[in-house]
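# Coordinate analysis (summary)
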2 protein chains.
Amino acid sequence: MGLRVALGQMEVVPGRPDINTATMLKMIDAARQQQAELVIFPELAVPGYLLGNAWEQIAFLKDCERYGRQIVGASGELAVIFGNVYVDWEQKGHDGRVRKYNALFVAYRGKLLGGDNFPYPCRIKTLQHDCREFDDSRHFYSLQQLALEQGQRVEALQQPVLLKMAEQTIRLACLPGEDSWSDAYDFKAATAIKENGPVDLFVNIASSPFALGKNRKHNRVFARQAREQGTPIIYVNNVGVQNNGKTVYIFDGCSTVYNARGEISAYCQPFAEKLTVVELEPDGNVKDGGAPVVPEDGDIAAIYQALTYGIDRFMQAIGMKKVVIGLSGGIDSAVAACLYTNVLGPENVLLVNMPSKFNSQTTKNLAARLAANLGCLYTVMPIQEAVDYTVEQIGQTPIIDMKDGREMYLPVTPFMTENIQARDRSARILAALAAAFGGGFTCNANKSEITVGYTTLYADLGGALAVLGDLWKEDVYRLGDYLNREVYRKEIIPAACFTLKPSAELNTSQSVDKGWGDPLDYPYHDRLFAAWVERPEPPEETLAAYLDGCLEETLGYTDRVSKLFPNARAWLDDLEYWWRQYRGLGTAKRAQAPPVLAVTGYALGEPEPQLGAWFSQRYERLKTQALAEG
Amino acid sequence: MGLRVALGQMEVVPGRPDINTATMLKMIDAARQQQAELVIFPELAVPGYLLGNAWEQIAFLKDCERYGRQIVGASGELAVIFGNVYVDWEQKGHDGRVRKYNALFVAYRGKLLGGDNFPYPCRIKTLQHDCREFDDSRHFYSLQQLALEQGQRVEALQQPVLLKMAEQTIRLACLPGEDSWSDAYDFKAATAIKENGPVDLFVNIASSPFALGKNRKHNRVFARQAREQGTPIIYVNNVGVQNNGKTVYIFDGCSTVYNARGEISAYCQPFAEKLTVVELEPDGNVKDGGAPVVPEDGDIAAIYQALTYGIDRFMQAIGMKKVVIGLSGGIDSAVAACLYTNVLGPENVLLVNMPSKFNSQTTKNLAARLAANLGCLYTVMPIQEAVDYTVEQIGQTPIIDMKDGREMYLPVTPFMTENIQARDRSARILAALAAAFGGGFTCNANKSEITVGYTTLYADLGGALAVLGDLWKEDVYRLGDYLNREVYRKEIIPAACFTLKPSAELNTSQSVDKGWGDPLDYPYHDRLFAAWVERPEPPEETLAAYLDGCLEETLGYTDRVSKLFPNARAWLDDLEYWWRQYRGLGTAKRAQAPPVLAVTGYALGEPEPQLGAWFSQRYERLKTQALAEG
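Residues numbered from 1 in each chain as written. Chains lettered and ligands numbered in written order. Predicted model: local features only at pLDDT ≥ 70, side-chain atom pairs only at ≥ 80, totals over all residues. Heavy atoms only, no water.

### Topic: the overall build of chain A
Here is the rule we go by: Going along the chain from the N terminus, every DSSP run of H or I of four or more residues is numbered as a helix, and every run of E of two or more is numbered as a strand. Two things to know: the radius of gyration comes from C-alpha atoms, and the globule rule equals 2.2 Å times the number of residues to the power 0.38. The contact criterion used throughout is that any non-hydrogen atoms of two residues lie within 4.5 Å. The method behind every accessible area is Shrake-Rupley, applied with a 1.4 Å probe, and residues are considered shielded solely by the protein chains displayed. Under this rule, positive means Lys or Arg and negative means Asp or Glu; His and the chain ends count for nothing. Where a charge lies is defined by one atom per residue type, namely NZ (Lys), CZ (Arg), CG (Asp) and CD (Glu).
From N to C terminus, chain A includes 20 helices and 22 strands. Taking 630 residues into account, the globule formula puts the C-alpha radius of gyration at 25 Å, and chain A, at 28 Å, falls close to it. With the C-alpha coordinates aligned to their principal axes, the bounding extent of chain A is approximately 90 × 60 × 60 Å. Long-range contacts, defined as pairs at least 24 residues apart, comprise 72% of the intrachain contacts of chain A with a sequence gap of at least 6. If you sum the accessible surface of chain A, you get close to 22000 Å²; carbon and sulfur atoms cover 49% of it. Here chain A contributes 63 positive and 76 negative side-chain charges, whose respective centroids are spaced 2 Å apart.

And the structure:
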């Protein structure tokens, strides 16, 4: 087999088969002009993936079918592989609704191939993905369910598609989506296909979002699979953003060819829509090609690239061209300001500092300096007068008991005043200023704050998008450092933003000039919260590690926890306080929080019931033990 | 078979196996004292149902197992049927995680029955429920998947459990959850069980939330099933509230015994935790029992009962005892005030009227009158000064272009001022007042407004719970009327609240005294939006009905649409405007909206991607046709 293949790494717009089909037809033309023999598009390239209830709309499914036929019609001598939904209108899904498959189509000379050795003229996904943002089983019928219904072994339905071209016949082994992730499931699709006879090429079409370090693992799994099967694999993934309402996923592309020895022979750059044509030799090597440069995706540079691409595409999707950003002088808003400015341009970013009497000259100066460094629009809108007015109105307006006419007054405590300040900034100023500026305002809260609800609703937890919502505080610092060091190559974010104690500056006990600030100890609390969000066993596993003396190692915390807490009681009090915040108010606040831009496999924003904090029987036993040991 | 059965209609607290087990042990004691031979608890009675990622926590699953063993241990001569998760620690689910089943257990004399003719000592659910709030396939392995794995027919695994008691052996046909809803699925579990031999009794344990008219359908389906099989069915459902973060579901109980002729022989009242002991004759009749009174659940009385129970249990769950309610003089806030006052008592409800210069004396008086009628706490906090201050601060603070030092000013339009007013009321006053009062504030938005985003974020769309969020405007009126007529039996809500044109009173064009108001025409827009939310085919089906001349009938609108719109163009403009609002800004706003208390099968609050509005090819064709026809 020698084959000129075009990798159609396209931007898929969810729910817009019209736009996606236009993109594909354009790429088909370009591939033909470059003498490609085969062009490959991503999984669900026609409909998109994260569509919620649109999957149940007959009108939408019919349109996807029609657009799919248009693509088949455009194939001609150029073979086209693409992902689309396949609807069997005669059958029902397991829930009684119309039956849908997540399908891979091979079109050639205006016809669909593969119906000769399969019940449908396509291939369908075997391994359903039901973790985090994916809900395959809710929407799609799997190959396993079809096999059960047909009284066949799943393996028997894993037949290659024979692509009979003028010069040669290529035995294509088709792997939609998860079917190539041979590590995660017991069933190995690639092996099953090989059982049915020799194949020339594995084709994996995917719709896989960026997650820190994902491609490192991806390359390991796919390389081994290619090597073990002695067969090249072509992986084509889409770019763009798709969301489930509360979390925005950034699709990274990174389409790749693995040769039969498991080496990477072609690689498409991340976060860019691009058709790449390669001349493949039978072993999957690229003719006259060298070893491609594969960027590392586990570091802060990858996060920077993902976030700026994600902001750009999400703003485009919701039609927002300008933003207002509250600039406190701290690191979070500084990094958010840099990211948005780099994407939208300084003329489309309005930075606003909103001091109260608790804000230090230090942070006010830092905000002004950063605004000057970025060359954005800038203003200062103090909040003290409005806050005083509100405190007085709340505290000094009589409340009447309508049963007996008695009057009373409600006290406004310093804690309430803190939240009044926070809401005054966002709901009073930022929202109005954004409307006047013709855009939206941003949510600068980071993942540490959102996890435990160390934020105020209708305040710092408001905004169109939480761009730092999947970054722990330490990641925000690293990203700020990366911006100065690698992106600007000068001190755009003032050095003091990195050294100031993080502080909301909402009362005198949070004075940054005195080195006081938030009740969170970074990076310890970052690491603790990460253990809760990323692993399913909090907090009893945390406590077990503490008792085993390996807490620091388990959390990945490089200092000693005993420096922060004098004894087991103090450590447990802190643990339980934040755990209750995470599961209690934190969850309630997240239900009303803006969407988070995801850069890890553990982004916040999934549906989360308000259940409150719960401690297992084992936790209670371990706690008794820890307190006894002191 | 003659059997003394206790129906354990308990409140299930999601994620709290400790509390649920304590409830069950208490009911087991009570059942024993009343000489019951069998007690039946609901589906997933130990863990609860809507748990999100808690289903993946090993510590949680282990606790559920331990508590399950405690219940088995408590059985003795009293047989106990209950729902719990069954974990097969040796096997993986389809996604590689630990395998879990939604299971029904029969315990007797300290042992689990049913392992003699089934792979596990329990029965597991066959029909996975993946619509709306349920995500069975994401969490549970089904009986169909198990049958596939074991190379057996599903029917062969549908064996009755033999309950061998001192005096008799009862062949129990076990139907967990959906397995009794024989209408919705092709597979009929009851028929399959009967194929394996005679049975004496069907037991259906359920965890089924209230939805308007659900039980009417439930009774029809179950009665027919009992009649067709000639076998009595006992249905036991839980009460309480469970939520998925954005929607709060109210479980109605209504546990029922259907005799072998399909008649209802015993019925437990809705929304009440209660153990009911009945002496069943072999045909499912209750010894010495008359025909029980079965309340209608498709009317406004049922909604009132569901909402007040739901408020009570949700407030209890989140630990909120007091609320502040913004009282505008309109019907929505009036009804919300009545509901909360009836649940929490007038001393725990603080009503606040927040007039601007646009609010009429009419509505201000109505608010004061209602507060007096309810005997709540009441106050008036005007917003005009604060709004003027904000408008001035936004419009008159110079914005500096930091590139060249130029100054500019941003104009504040009347539309922006409307939203400034709305946010001033909620984020400035209500949130602060709620904190000072020691409670939360309510969201009074109705379903019509939330559907199309005719609300302001961080304003009237803020609050702890949207108690009217699943009621169309016309339902709110009906509920208000019901409160005066049936609950209070006097005019607590002033009559003018029902006759005023609905208005936000945010500008002079919304003067209620001039009969002006919101841009929504009720009930037409109610009916239009209901078609979009309740059926999956908007808006092309709406347009097709319009062209067919049956729009009114399709929507259930009793007047003529032509009275509202002079021609097809005007009708289409309105249709497309609201459709874009529904799919565009409406969706973005709902992502940050409070949880909605569900009373229908179509409550808002499901995860919804922000996709924007989309029109199908068929819609565009029909539109051309409609415009041509005028």
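So, next bit.
### Some details on the nonpolar core
Put simply, the test is: As used in this record, nonpolar core signifies buried Ala, Val, Leu, Ile, Met, Phe, Trp, Tyr and Cys residues forming a set joined through side-chain atoms within 4.5 Å. Only protein chains enter the accessibility calculation, which uses a 1.4 Å probe; a residue whose area is less than 20% of its type maximum is buried, one above 50% is exposed, and one in between is partly exposed.
V324(A), L433(A), W571(A), V324(B), L433(B) and W571(B) are the most contacted members of the largest nonpolar core, which has 128 residues in total. Setting aside chain neighbours within four positions, we find L433(A) in contact with V324(A), L350(A), V352(A), T379(A), M381(A), I394(B) and L410(B).

### Regarding the environment of S207(A)
Residues and elements named next belong to chain A. The condition is simple: Throughout this description, a polar contact denotes any pair of N or O atoms lying within 3.5 Å of each other; where both atoms belong to protein, one of them has to be capable of donating a hydrogen while the other can accept it, and for residues adjacent in sequence the pair is counted only when both atoms sit in side chains.
Considering the arrangement of structural elements, one finds S207 in the loop between strand 9 (201–206) and helix 6 (214–229). Along the primary structure S207 and R171 are separated by 36 residues, whereas in three dimensions their C-alpha atoms are 23 Å apart. A polar atom in the side chain of S207 sits 3.0 Å from the side chain of N238.

### Section: the sheet that holds strand 21 (residues 440–441) of chain A
Convention followed: For two strands to be treated as a pair, DSSP must find at least two bridges joining them. All axes are obtained by fitting lines to C-alpha atoms, using only the stretch in contact for helices, and the reported angles, taken between N-to-C directions, cover 0 to 180 degrees.
Taking strand neighbours across the sheet as the criterion, the 6 strands line up as 21(A)-16(A)-17(A)-18(A)-19(B)-20(B) in an open arrangement whose pairing is mixed. In this open sheet, the two strands that pair with only one neighbour each are strand 21 of chain A together with strand 20 (407–408) of chain B. As paired strands, strand 18 (residues 377–380) of chain A and strand 19 (residues 399–401) of chain B are joined by 2 bridges and run antiparallel to one another. Along strand 19 of chain B, the bridge assignment pairs L377(A) with D401(B). Relative to strand 16 (residues 323–326) of chain A, helix 8 (residues 331–344) of chain A is tilted by about 165°, and along the sheet it contacts strand 16 and strand 17 (349–353) of chain A.

### Observations regarding the pattern of salt bridges
What counts here: Counted as salt bridges are all cases of a side-chain nitrogen of Lys or Arg within 4 Å of a carboxyl oxygen of Asp or Glu.
Tallying each qualifying case throughout the model produces 74 salt bridges over all chains. The salt bridge involving K473(B) is made with D332(B); its shortest N-O contact spans 2.9 Å. Of the two residues, K473(B) is situated in helix 13 (residues 473–488) and D332(B) in helix 8 (residues 331–344); the sequence distance between them amounts to 141 residues. By relative accessible area, which is 10% here, D332(B) ends up buried. Among the ionic contacts, a cluster of salt bridges with common partners joins E11(A), D312(A) and R313(A).

### Things to note about the relation of the copies chain A and chain B
The condition is simple: Least-squares superposition aligns the copies on the C-alpha atoms of those residues with pLDDT at or above 70 in both.
The operation relating chain A to chain B is a screw motion whose rotation component is 180°, with 0.0 Å of axial translation and a residual RMSD of 0.0 Å. Interpreted geometrically, this transformation is the action of a two-fold axis. Minimal C-alpha separation from the rotation axis in chain A is found for Q592(A), amounting to 2.0 Å. Both copies share a contact surface, since 100% of the interface residues of chain A are interface residues in chain B too.

### Describing the interface of chain A and chain B
Under the convention used in this document: Take the accessible area each of two parts loses on contact, using a 1.4 Å probe, and add the two losses: that sum is the buried area.
At the interface, 106 residues of chain A touch 108 residues of chain B. A combined buried area of about 8700 Å² lies between chain A and chain B, and 57% of that area is made up of carbon and sulfur atoms. Of all residues in chain A, R138(A), M402(A) and W614(A) give up the largest surface area on contact with chain B, accounting jointly for 9% of the area buried on that side. Here chain A is connected to chain B by 4 salt bridges. Between E606(B) and R138(A) there is a salt bridge, with its nearest N and O atoms 3.3 Å apart.

### Quick word on the sheet that holds strand 8 (residues 169–176) of chain B
Across a sheet, paired strands are connected by hydrogen bonds in the backbone, their directions being either parallel or antiparallel. Residue and element names in this part refer to chain B. Within the open sheet, the 6 strands sit side by side as 7-8-9-10-13-14. Their pairing is mixed. At either margin of the open sheet sits one strand with a lone partner, and together these are strand 7 (161–164) and strand 14 (264–267). With direction set aside, neighbouring strand axes in the sheet form an average angle of 25°. Sitting on the sheet, helix 6 (residues 214–229) touches strand 9 (201–206), strand 10 (233–237), strand 13 (256–258) and strand 14, and the angle it makes with strand 10 is about 150°.

### With respect to helix 13 (residues 473–488) of chain A
All names here are of chain A. Spelled out, the test is: A helix's residues, less one, multiplied by 1.5 Å, set its expected span. In this analysis the local bend is the angle between axes fitted, respectively, to the seven residues ending at and the seven residues starting at the residue.
For helix 13, built from 16 residues, the straight-helix expectation of 22 Å at 1.5 Å per residue is met to within 8% by its first-to-last C-alpha distance of 21 Å. The largest bend along helix 13 reaches roughly 30° and is located at Y482. If you check which residues of helix 13 are buried, you get K473, E474, D475, V476, Y477, L479, G480, Y482, L483, N484 and Y488. Where helix 13 is buried, its residues touch helix 7 (300–318), helix 8, helix 9 (361–374), helix 12 (447–452), helix 14 (496–499) and helix 15 (524–534). Trailing helix 13 by a residue or two, R489 shows a phi angle of about 55°, which is positive.

### Brief notes about unusual backbone geometry
Cis geometry marks the peptide bond from Y522(A) to P523(A); its omega dihedral reads 0°. Within the secondary structure layout, P523(A) lies in the loop between helix 14 and helix 15. A positive phi is found at E505(B), a non-glycine position, where the angle reads about 50°. With respect to the helices, strands and loops of the structure, E505(B) is situated in the loop between helix 14 (496–499) and helix 15 (524–534). Accessibility expressed as a relative area gives 3% for E505(B), which makes it buried.

### Looking at the state of the cysteines
Covalent bonding between the sulfur atoms of two cysteines is what defines a disulfide. This is how it is decided: A pair of sulfur atoms, both from cysteines and within 2.5 Å, is called a disulfide here.
One pass over the full model with this rule turns up 0 disulfides over all chains. Counting only cysteine sulfurs, C376(A) is the nearest neighbor of C338(A), a cysteine outside any disulfide, at a range of 8.4 Å. C254(B) supplies the cysteine sulfur nearest to C268(B), a cysteine that is in no disulfide, at a spacing of 8.6 Å. Here C268(B) falls in the buried class, since its relative accessible area comes to 5%.

### As for the packing of helix 10 (residues 384–396) of chain A against helix 11 (residues 414–437) of chain B
As a reminder of what qualifies: We call two directions roughly parallel when the angle between them is under 35 degrees, roughly antiparallel when it is over 145, roughly perpendicular when it lies between 65 and 115, and oblique otherwise. Two helices cross in a left-handed way if the nearer one is turned anticlockwise from the farther one by less than a right angle. They cross in a right-handed way if the turn is clockwise. Nonpolar residues are Ala, Val, Leu, Ile, Met, Phe, Trp, Tyr, Cys and Pro. Charged residues are Asp, Glu, Lys and Arg, and all others, Gly as well, are polar.
Relative orientation of the contacting elements helix 10 of chain A and helix 11 of chain B amounts to 55°, with a least axis distance of 10 Å. In terms of axis orientation, helix 10 of chain A runs oblique to helix 11 of chain B. Considering only the axes of helix 10 of chain A and helix 11 of chain B, their crossing is right-handed. Contact residues: helix 10 of chain A offers Y389(A), T390(A), Q393(A) and I394(A), while helix 11 of chain B offers R428(B), I429(B), A432(B), L433(B) and A436(B). Broken down by class, the residue content of the contact of helix 10 of chain A with helix 11 of chain B amounts to 6 nonpolar, 2 polar and 1 charged.

### What to know about helix 15 of chain B
Across the 11 residues of helix 15 of chain B, 10 count as buried, placing the element largely inside the fold. Buried residues belonging to helix 15 of chain B abut helix 12 (447–452), helix 13, helix 16 (540–547), helix 17 (551–555) and helix 18 (568–583) of chain B.

### A word on the pairing of strand 1 (residues 3–9) of chain A
Residue and element names in this part refer to chain A. Among the 7 residues in strand 1, 6 count as buried, and that is most of the element. By the bridge criterion, 3 bridges tie strand 1 to strand 2 (residues 38–40) in an arrangement that is parallel. Looking across to strand 2, one finds that L7 is bridged to I40.

### Quick look at the packing of aromatic side chains
All names here are of chain A. How we decide: Whether two aromatic rings pair depends on their centres lying within 6.5 Å, for rings of Phe, Tyr and Trp, where Trp uses its six-membered ring; planes under 30 degrees apart make the pair stacked, over 60 edge-to-face, and the rest tilted. Two conditions define a charge sitting above a ring: the NZ of Lys or the CZ of Arg must be within 6 Å of the ring centre, and it must be within 35 degrees of the ring normal.
Within this structure, the stated rule accounts for 52 aromatic pairs over all chains. When the centroid spacing of 5.6 Å and the interplanar angle of 65° are considered together, the rings of Y524 and F565 count as edge-to-face. Note that Y524 is positioned in helix 15 and F565 in the loop between helix 17 (551–555) and helix 18 (568–583), a separation of 41 residues in sequence. Counting every residue linked through ring pairs, the aromatic cluster contains F82, Y86, Y101, F105, Y120 and Y141. Seen from the ring of Y141, R99 lies directly overhead, with NZ or CZ sitting 3.7 Å from the centre. Directly above the ring of F437 sits K322, whose terminal nitrogen or CZ lies 4.7 Å from the centroid.

### Points about the environment of A545(B)
Residue and element names in this part refer to chain B. In this fold, A545 is placed in helix 16. What makes A545 buried here is its relative accessible area of 6%. Once the C-alpha coordinates of A545 and D116 are considered, the two residues, 429 residues apart in sequence, prove to be 57 Å apart. Not counting residues within four places of it along the chain, the set of residues in contact with A545 comprises C550, L551 and T554.

### Comments concerning the packing of helix 16 of chain B against helix 20 (residues 617–629) of chain B
Any two packed helices are characterised by how steeply their axes cross, that is the angle between the axes, and by the distance between the axes. Residues and elements named next belong to chain B. Here helix 16 crosses helix 20 at 30°, and the two axes come no closer than 10 Å. With respect to helix 20, the axis of helix 16 lies roughly parallel. Crossing handedness for the pair helix 16 and helix 20: left-handed. The residues of helix 20 that touch helix 16, namely those facing E540, E541, L543, A544 and L547, are R618, Y619, L622, K623, Q625, A626 and E629. Looking at the contact of helix 16 with helix 20 residue by residue, the classes come out as 6 nonpolar, 1 polar and 5 charged.

### Overview of the side chain of T417(A)
For T417(A), the location among the structural elements is in helix 11 (residues 414–437). Setting aside its immediate chain neighbours within four residues, T417(A) contacts V387(A), V391(A) and V412(A).

Scope: geometric values only; no functional claims are made or implied.
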